[in-house]
Amino acid sequence: MLAIYSTLLALALTLIASVVTAKTPVSNRPLWGLCYSPYNNDGSCPAYESVESGLNAVADVAKNIRLFSTDCSQLKFALKAITKNDLDMGVYAGLWITDGDQRKNSDVAAFIDAAKAYNSSGLIRGVSVGNEETFKNMDSAQVVGHINDVRSRLRGAGLGHIPVYTTDVDSHFTPEMAKASDVVNVNVYSMFDGSPITMDQAVQRVIARANHVRDSVAQGKKVRISESGWAAGGNLKGMPLTLENQQSYLRKFKCAAEKAGFEYFFFEAKNADWKKSMEQADYEYNFGVFDSNFGHKLDFSIKC
Ligand SMILES: *[C@@H]1O[C@H](CO)[C@@H](O)[C@H](O)[C@H]1NC(C)=O
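Quick summary incoming for the structure in this document. Values in this document were obtained by computation on a predicted structure and should not be read as measured data.

Quick notes on the site of the ligand
Consideration 1: Every residue lining the ligand is accounted for by Lys 116, Asn 119, Gly 158, Leu 159 and His 161.
Consideration 2: When its residues are assigned to classes, the shell around the ligand shows 1 nonpolar, 3 polar and 1 charged.

Quick word on the environment of Gln 247
Consideration 1: For Gln 247, the location among the structural elements is in helix α8 (residues 243-259).
Consideration 2: The partly exposed category is assigned to Gln 247, around which 19 C-beta atoms lie within 10 Å.
Consideration 3: Note: C-alpha distance between Gln 247 and Leu 298 (51 residues apart in sequence) is 6.2 Å.
Consideration 4: Residue contacts for Gln 247: discarding those within four places in its chain leaves Leu 298 and Asp 299.

Section: the packing of helix α3 (residues 74-84) against helix α4 (residues 101-117)
Consideration 1: Taken N-terminus to C-terminus, the directions of α3 and α4 make an angle of 20°; their axes are 9 Å apart at the nearest point. Here α3 lies roughly parallel to α4, going by the angle between them. For the crossing formed where α3 meets α4, the hand is right-handed. Residues Leu 75, Lys 76 and Leu 79 of α3 form the contact with α4, whose own contacting residues are Ala 110, Phe 111 and Ala 114.
Consideration 2: The residue inventory of the contact of α3 with α4, partitioned by class, reads 5 nonpolar, no polar and 1 charged.

Describing the pairing of strand β3 (residues 90-95)
Consideration 1: Summarising burial for β3: 5 of the 6 residues are buried, a large majority.
Consideration 2: The pairing of β3 with strand β4 (residues 124-129) spans 5 bridges and is parallel. For Val 91, the partnering residue across the bridge sits in β4 and is Ile 124.
Consideration 3: Handedness of the β3-α4-β4 crossover: right-handed.

The rules behind these values
Residues numbered from 1 in each chain as written. Predicted model: local features only at pLDDT ≥ 70, side-chain atom pairs only at ≥ 80, totals over all residues. Near = placed C-beta within 6 Å. Nonpolar A, V, L, I, M, F, W, Y, C, P; charged D, E, K, R; others polar. Helix = DSSP H or I, 4+ residues; strand = E, 2+ residues; numbered from the N terminus. Buried ≥ 20, exposed ≤ 12 C-beta atoms within 10 Å, placed from the backbone. Contact = placed C-beta atoms within 7 Å. Axes fitted to C-alpha atoms, helices over the stretch in contact; angles between N-to-C directions. Parallel < 35°, antiparallel > 145°, perpendicular 65-115°, else oblique. Left-handed = near helix turned anticlockwise from the far one by under 90°. Pairing = 2+ DSSP bridges. Right-handed = clockwise from strand over helix to strand, strands pointing away.

Okay, here's the thing in C-alpha coordinates:
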(Lines give C-alpha, C1' and ligand atoms only; values in the text may rest on other atoms or scores of the structure.)
Protein backbone atom coordinates (compact mmCIF):
# COMPACT_ATOMS: atom_id res chain seq x y z
CA MET A 1 0.00 0.00 0.00
CA LEU A 2 2.76 2.36 1.02
CA ALA A 3 4.62 1.44 -2.15
CA ILE A 4 1.59 2.42 -4.24
CA TYR A 5 1.29 5.74 -2.44
CA SER A 6 4.93 6.54 -2.91
CA THR A 7 4.70 5.60 -6.60
CA LEU A 8 1.69 7.90 -6.97
CA LEU A 9 3.50 10.63 -5.12
CA ALA A 10 6.52 10.27 -7.38
CA LEU A 11 4.23 10.40 -10.41
CA ALA A 12 2.50 13.53 -9.13
CA LEU A 13 5.82 15.23 -8.45
CA THR A 14 7.02 14.36 -11.94
CA LEU A 15 3.84 15.83 -13.44
CA ILE A 16 4.19 19.02 -11.41
CA ALA A 17 7.83 19.34 -12.40
CA SER A 18 7.00 18.89 -16.07
CA VAL A 19 4.26 21.53 -15.89
CA VAL A 20 6.60 24.01 -14.19
CA THR A 21 9.43 23.47 -16.67
CA ALA A 22 7.29 22.86 -19.78
CA LYS A 23 8.44 24.78 -22.82
CA THR A 24 6.36 25.10 -25.92
CA PRO A 25 7.60 22.24 -28.13
CA VAL A 26 9.30 23.51 -31.27
CA SER A 27 6.68 21.87 -33.48
CA ASN A 28 3.92 23.85 -31.72
CA ARG A 29 5.52 27.26 -32.31
CA PRO A 30 3.72 29.09 -35.12
CA LEU A 31 6.63 31.14 -36.49
CA TRP A 32 9.86 29.94 -38.10
CA GLY A 33 11.73 32.91 -36.70
CA LEU A 34 11.58 36.35 -35.10
CA CYS A 35 14.06 39.21 -35.30
CA TYR A 36 15.11 40.32 -31.84
CA SER A 37 16.80 43.53 -30.66
CA PRO A 38 17.09 43.31 -26.87
CA TYR A 39 17.75 46.97 -25.94
CA ASN A 40 15.94 48.61 -23.04
CA ASN A 41 13.19 51.10 -23.95
CA ASP A 42 15.54 54.02 -23.24
CA GLY A 43 18.15 52.56 -25.60
CA SER A 44 20.51 51.29 -22.92
CA CYS A 45 21.96 47.77 -22.74
CA PRO A 46 19.63 45.20 -21.18
CA ALA A 47 20.50 43.14 -18.12
CA TYR A 48 20.85 39.38 -18.66
CA GLU A 49 17.52 38.82 -16.86
CA SER A 50 15.75 41.02 -19.39
CA VAL A 51 17.11 38.99 -22.34
CA GLU A 52 16.18 35.80 -20.50
CA SER A 53 12.55 36.80 -19.93
CA GLY A 54 12.29 38.16 -23.49
CA LEU A 55 13.53 34.93 -25.00
CA ASN A 56 11.16 32.90 -22.85
CA ALA A 57 8.32 34.87 -24.45
CA VAL A 58 9.80 34.46 -27.93
CA ALA A 59 10.18 30.70 -27.41
CA ASP A 60 6.40 30.35 -27.05
CA VAL A 61 5.88 31.49 -30.63
CA ALA A 62 9.11 31.11 -32.65
CA LYS A 63 11.58 28.35 -33.49
CA ASN A 64 14.55 30.66 -34.22
CA ILE A 65 15.82 34.15 -33.49
CA ARG A 66 17.81 36.58 -35.56
CA LEU A 67 20.11 39.11 -33.86
CA PHE A 68 21.66 42.15 -35.56
CA SER A 69 24.80 42.66 -33.49
CA THR A 70 26.82 41.28 -30.61
CA ASP A 71 26.88 44.55 -28.66
CA CYS A 72 25.66 44.65 -25.06
CA SER A 73 26.72 40.96 -24.78
CA GLN A 74 23.45 40.13 -26.53
CA LEU A 75 24.73 37.00 -28.29
CA LYS A 76 26.27 35.57 -25.13
CA PHE A 77 23.17 36.45 -23.09
CA ALA A 78 20.90 34.82 -25.69
CA LEU A 79 22.99 31.62 -25.81
CA LYS A 80 23.06 31.49 -22.00
CA ALA A 81 19.28 32.03 -21.68
CA ILE A 82 18.47 29.43 -24.36
CA THR A 83 20.80 26.87 -22.80
CA LYS A 84 19.80 27.49 -19.18
CA ASN A 85 16.06 27.41 -19.94
CA ASP A 86 16.33 24.60 -22.48
CA LEU A 87 14.45 26.72 -25.04
CA ASP A 88 15.60 24.72 -28.07
CA MET A 89 15.83 27.78 -30.30
CA GLY A 90 18.28 28.31 -33.18
CA VAL A 91 20.34 31.51 -33.16
CA TYR A 92 21.14 33.45 -36.34
CA ALA A 93 23.73 35.99 -35.24
CA GLY A 94 24.58 39.33 -36.78
CA LEU A 95 27.73 41.42 -37.03
CA TRP A 96 27.39 45.20 -37.22
CA ILE A 97 29.71 46.54 -39.95
CA THR A 98 28.06 49.89 -40.71
CA ASP A 99 30.13 52.00 -38.33
CA GLY A 100 33.73 51.28 -39.29
CA ASP A 101 36.43 48.73 -38.58
CA GLN A 102 36.66 49.24 -34.85
CA ARG A 103 33.02 48.34 -34.31
CA LYS A 104 33.24 45.51 -36.83
CA ASN A 105 36.30 44.04 -35.12
CA SER A 106 34.70 44.21 -31.70
CA ASP A 107 31.58 42.49 -33.06
CA VAL A 108 33.69 39.74 -34.68
CA ALA A 109 35.71 39.24 -31.47
CA ALA A 110 32.54 39.00 -29.35
CA PHE A 111 31.06 36.56 -31.87
CA ILE A 112 34.12 34.28 -31.82
CA ASP A 113 34.21 34.39 -28.03
CA ALA A 114 30.53 33.43 -27.65
CA ALA A 115 30.57 30.90 -30.49
CA LYS A 116 33.54 29.08 -28.96
CA ALA A 117 32.02 29.09 -25.47
CA TYR A 118 28.78 27.54 -26.77
CA ASN A 119 30.22 25.59 -29.70
CA SER A 120 29.14 22.18 -28.40
CA SER A 121 25.50 23.39 -28.10
CA GLY A 122 25.17 23.75 -31.88
CA LEU A 123 22.76 26.64 -31.26
CA ILE A 124 24.40 29.09 -33.68
CA ARG A 125 23.06 28.30 -37.15
CA GLY A 126 24.56 31.19 -39.08
CA VAL A 127 26.03 34.67 -38.96
CA SER A 128 25.18 37.67 -41.12
CA VAL A 129 27.98 40.05 -41.99
CA GLY A 130 26.08 43.33 -41.95
CA ASN A 131 22.45 44.22 -42.51
CA GLU A 132 21.24 46.22 -45.53
CA GLU A 133 24.75 47.56 -46.20
CA THR A 134 24.29 48.24 -49.93
CA PHE A 135 20.94 49.83 -49.12
CA LYS A 136 22.97 52.04 -46.75
CA ASN A 137 25.33 52.82 -49.69
CA MET A 138 28.24 50.39 -49.29
CA ASP A 139 29.50 48.88 -52.57
CA SER A 140 28.56 45.31 -53.33
CA ALA A 141 32.28 44.52 -53.73
CA GLN A 142 33.03 45.93 -50.28
CA VAL A 143 30.31 43.78 -48.75
CA VAL A 144 31.83 40.73 -50.47
CA GLY A 145 35.21 41.69 -48.98
CA HIS A 146 33.71 41.81 -45.48
CA ILE A 147 32.03 38.41 -45.93
CA ASN A 148 35.29 36.82 -47.09
CA ASP A 149 37.25 38.45 -44.28
CA VAL A 150 34.85 37.21 -41.60
CA ARG A 151 34.73 33.72 -43.11
CA SER A 152 38.51 33.40 -43.00
CA ARG A 153 38.65 34.70 -39.42
CA LEU A 154 36.02 32.15 -38.35
CA ARG A 155 37.94 29.34 -40.06
CA GLY A 156 41.05 30.48 -38.25
CA ALA A 157 39.16 30.26 -34.95
CA GLY A 158 37.92 26.72 -35.61
CA LEU A 159 34.40 27.93 -36.45
CA GLY A 160 34.40 27.21 -40.18
CA HIS A 161 31.25 25.08 -39.89
CA ILE A 162 29.03 28.15 -39.28
CA PRO A 163 27.34 29.51 -42.44
CA VAL A 164 28.46 33.07 -43.29
CA TYR A 165 26.44 35.45 -45.45
CA THR A 166 25.19 38.99 -45.76
CA THR A 167 21.64 40.30 -45.50
CA ASP A 168 20.19 42.98 -47.74
CA VAL A 169 16.97 44.24 -49.24
CA ASP A 170 15.74 42.36 -52.30
CA SER A 171 16.13 45.31 -54.68
CA HIS A 172 19.82 45.76 -53.76
CA PHE A 173 21.01 42.15 -53.52
CA THR A 174 23.62 41.39 -56.19
CA PRO A 175 24.67 38.05 -57.73
CA GLU A 176 28.21 38.75 -56.38
CA MET A 177 26.87 39.00 -52.84
CA ALA A 178 24.94 35.76 -53.39
CA LYS A 179 28.07 33.99 -54.66
CA ALA A 180 30.03 35.07 -51.57
CA SER A 181 27.21 33.98 -49.19
CA ASP A 182 26.43 30.47 -47.94
CA VAL A 183 22.72 31.40 -47.95
CA VAL A 184 20.92 34.41 -49.42
CA ASN A 185 19.21 36.46 -46.69
CA VAL A 186 16.77 39.04 -48.11
CA ASN A 187 14.71 41.61 -46.24
CA VAL A 188 11.45 42.06 -48.15
CA TYR A 189 8.72 44.60 -47.41
CA SER A 190 5.80 45.92 -49.40
CA MET A 191 4.92 48.43 -46.69
CA PHE A 192 7.14 51.05 -48.29
CA ASP A 193 5.65 50.74 -51.78
CA GLY A 194 3.90 54.09 -51.54
CA SER A 195 0.27 53.36 -52.31
CA PRO A 196 -2.27 51.75 -49.97
CA ILE A 197 -2.76 48.03 -50.53
CA THR A 198 -4.73 45.18 -49.00
CA MET A 199 -2.94 42.65 -46.80
CA ASP A 200 -3.46 39.99 -49.49
CA GLN A 201 -1.63 42.21 -52.00
CA ALA A 202 1.02 43.11 -49.41
CA VAL A 203 1.88 39.46 -48.85
CA GLN A 204 1.64 38.46 -52.54
CA ARG A 205 4.14 41.18 -53.49
CA VAL A 206 6.63 40.07 -50.86
CA ILE A 207 6.48 36.44 -51.95
CA ALA A 208 6.80 37.48 -55.61
CA ARG A 209 9.94 39.50 -54.82
CA ALA A 210 11.47 36.68 -52.80
CA ASN A 211 10.73 34.31 -55.72
CA HIS A 212 12.43 36.76 -58.06
CA VAL A 213 15.57 36.73 -55.89
CA ARG A 214 15.47 32.92 -55.83
CA ASP A 215 15.13 32.74 -59.64
CA SER A 216 17.36 35.63 -60.76
CA VAL A 217 19.88 36.60 -58.06
CA ALA A 218 20.59 33.70 -55.72
CA GLN A 219 23.00 31.69 -57.93
CA GLY A 220 21.39 28.48 -56.72
CA LYS A 221 21.88 29.35 -53.05
CA LYS A 222 19.03 28.87 -50.59
CA VAL A 223 16.96 32.05 -50.14
CA ARG A 224 15.66 32.96 -46.71
CA ILE A 225 13.36 35.92 -46.00
CA SER A 226 15.39 37.48 -43.21
CA GLU A 227 12.84 40.20 -42.48
CA SER A 228 9.27 40.95 -43.35
CA GLY A 229 6.53 42.60 -41.37
CA TRP A 230 3.90 45.29 -41.14
CA ALA A 231 3.87 48.14 -38.60
CA ALA A 232 0.81 48.45 -36.37
CA GLY A 233 0.97 52.23 -36.25
CA GLY A 234 2.72 55.35 -37.48
CA ASN A 235 2.58 57.53 -40.57
CA LEU A 236 3.91 56.41 -43.94
CA LYS A 237 2.50 57.78 -47.19
CA GLY A 238 -1.07 56.94 -46.25
CA MET A 239 -0.30 53.24 -45.76
CA PRO A 240 -2.88 51.46 -43.56
CA LEU A 241 -0.64 50.86 -40.55
CA THR A 242 -3.07 49.41 -38.01
CA LEU A 243 -2.98 46.63 -35.45
CA GLU A 244 -5.71 44.83 -37.37
CA ASN A 245 -3.61 44.88 -40.54
CA GLN A 246 -0.50 43.73 -38.71
CA GLN A 247 -2.45 40.77 -37.34
CA SER A 248 -3.75 40.00 -40.81
CA TYR A 249 -0.29 40.36 -42.39
CA LEU A 250 1.22 38.01 -39.80
CA ARG A 251 -1.31 35.27 -40.57
CA LYS A 252 -1.20 35.62 -44.34
CA PHE A 253 2.58 36.00 -44.52
CA LYS A 254 3.32 32.93 -42.38
CA CYS A 255 1.06 30.75 -44.49
CA ALA A 256 2.27 32.13 -47.83
CA ALA A 257 5.98 31.92 -46.93
CA GLU A 258 5.63 28.32 -45.77
CA LYS A 259 3.63 27.39 -48.86
CA ALA A 260 6.33 28.93 -51.09
CA GLY A 261 9.05 27.05 -49.20
CA PHE A 262 10.80 29.97 -47.51
CA GLU A 263 12.35 30.04 -44.07
CA TYR A 264 11.58 33.48 -42.63
CA PHE A 265 12.14 35.85 -39.74
CA PHE A 266 9.17 38.01 -38.94
CA PHE A 267 10.19 41.55 -38.01
CA GLU A 268 10.20 41.78 -35.03
CA ALA A 269 9.83 40.41 -31.49
CA LYS A 270 9.04 43.53 -29.46
CA ASN A 271 8.09 47.10 -30.24
CA ALA A 272 11.26 49.16 -30.66
CA ASP A 273 10.67 51.97 -28.16
CA TRP A 274 14.50 52.10 -27.93
CA LYS A 275 14.55 53.70 -31.41
CA LYS A 276 12.70 56.75 -30.07
CA SER A 277 16.03 57.97 -28.70
CA MET A 278 17.34 57.84 -32.30
CA GLU A 279 14.42 59.93 -33.58
CA GLN A 280 13.43 57.49 -36.28
CA ALA A 281 10.09 57.57 -38.12
CA ASP A 282 7.19 56.64 -35.83
CA TYR A 283 6.25 53.43 -37.69
CA GLU A 284 9.72 52.07 -36.79
CA TYR A 285 8.56 51.60 -33.18
CA ASN A 286 5.51 49.57 -34.10
CA PHE A 287 6.69 46.34 -35.75
CA GLY A 288 6.70 44.18 -32.60
CA VAL A 289 4.50 41.11 -32.29
CA PHE A 290 4.74 41.87 -28.57
CA ASP A 291 4.69 45.34 -27.01
CA SER A 292 7.97 46.87 -25.86
CA ASN A 293 7.78 45.02 -22.52
CA PHE A 294 6.83 41.68 -24.11
CA GLY A 295 3.18 42.18 -23.20
CA HIS A 296 0.39 40.75 -25.37
CA LYS A 297 -0.23 42.43 -28.71
CA LEU A 298 -1.15 39.82 -31.36
CA ASP A 299 -3.04 36.54 -31.46
CA PHE A 300 -0.82 33.67 -32.59
CA SER A 301 -3.49 31.05 -33.25
CA ILE A 302 -2.94 30.70 -36.97
CA LYS A 303 -4.44 28.03 -39.21
CA CYS A 304 -3.15 27.88 -42.76
C1 LIG B 1 33.10 23.42 -32.97
O2 LIG B 1 32.33 22.27 -33.31
C3 LIG B 1 32.57 21.77 -34.61
C4 LIG B 1 31.67 20.56 -34.82
O5 LIG B 1 30.33 20.91 -34.71
C6 LIG B 1 34.03 21.38 -34.77
O7 LIG B 1 34.24 20.97 -36.11
C8 LIG B 1 34.92 22.56 -34.43
O9 LIG B 1 36.25 22.18 -34.47
C10 LIG B 1 34.58 23.14 -33.07
N11 LIG B 1 35.33 24.35 -32.87
C12 LIG B 1 35.84 24.74 -31.69
C13 LIG B 1 36.58 26.03 -31.67
O14 LIG B 1 35.70 24.09 -30.67
